[in-house]
Amino acid sequence: MDNNFKAYHQAAEILKALAHPVRLCIIRGLMEKKQCNVSYMQECLDLPQSTVSQHLQKLRSAGIVEAERNGLEIHYRIVDEKIQQLITVLFKEEQV
């Protein structure tokens, strides 16, 4: 058994958080725009605001995105460069 099992657990948690089409779409959108708010994501995804917020919460809990309040709006951005690299590899045929 590898002594670095904690690292495997962390990687698995990140992959679980990413393992949904809506969350992958959110991450790709954030890669393109660098940051944006829930209203913009809701329009792009054509989903209710509550659904988008639930997906963002999962991404925040996993440490993939972070939120920053700007007046009344909350802007989200990707925290970890490794996530962007992973998504780029996953969608290599399509330009991200």
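Scroll up to find the structure.
All values reported here derive from a predicted model rather than from experimental measurement.

Here the focus is the pattern of salt bridges. The tally for this structure, following the rule as stated, stands at two salt bridges. A salt bridge links Glu-13 to Lys-16; the shortest N-O distance between them is 2.9 Å. Here Glu-13 pairs with Lys-16, and both are found in helix H1 (residues 5-18), just three residues apart, close to one helical turn. Linking Arg-77 and Glu-66 is a salt bridge whose minimum nitrogen-to-oxygen distance equals 2.4 Å. Of this pair, Arg-77 sits in strand S3 (residues 73-78) while Glu-66 sits in strand S2 (residues 65-70), and the two are 11 residues apart along the sequence.

Here we come to helix H4 (residues 49-61). With 13 residues, H4 extends 18 Å from end C-alpha to end C-alpha; this agrees with the ideal 18 Å at 1.5 Å per step. Of all the positions in H4, only Val-52, His-55, Leu-56 and Leu-59 are classed as buried. All buried residues of H4 project into a common sector of 100° when viewed along the axis, lining one side. H4 presents Gln-54 and Ser-61 as exposed residues on the side facing more than 90 degrees away from its buried surface. Where the residues of H4 are buried, they touch H1, helix H2 (21-33), helix H3 (38-45), S2 and S3.

Once that is clear, we can look at the environment of Ala-67. With respect to the helices and strands, the residue Ala-67 is situated in strand S2. Excluding its chain neighbours within four sequence positions, the residues that come into contact with Ala-67 are Arg-60, Ile-74, His-75 and Tyr-76.

Rules behind the numbers
- Residues numbered from 1 in each chain as written.
- Predicted model: local features only at pLDDT ≥ 70, side-chain atom pairs only at ≥ 80, totals over all residues.
- Heavy atoms only, no water.
- Salt bridge = Lys/Arg side-chain N within 4 Å of Asp/Glu carboxyl O.
- Helix = DSSP H or I, 4+ residues; strand = E, 2+ residues; numbered from the N terminus.
- Expected span 1.5 Å × (residues − 1).
- Buried < 20%, exposed > 50% of the residue type's maximum accessible area, 1.4 Å probe, protein only.
- Arc of directions from axis to C-beta.
- Contact = heavy atoms within 4.5 Å.

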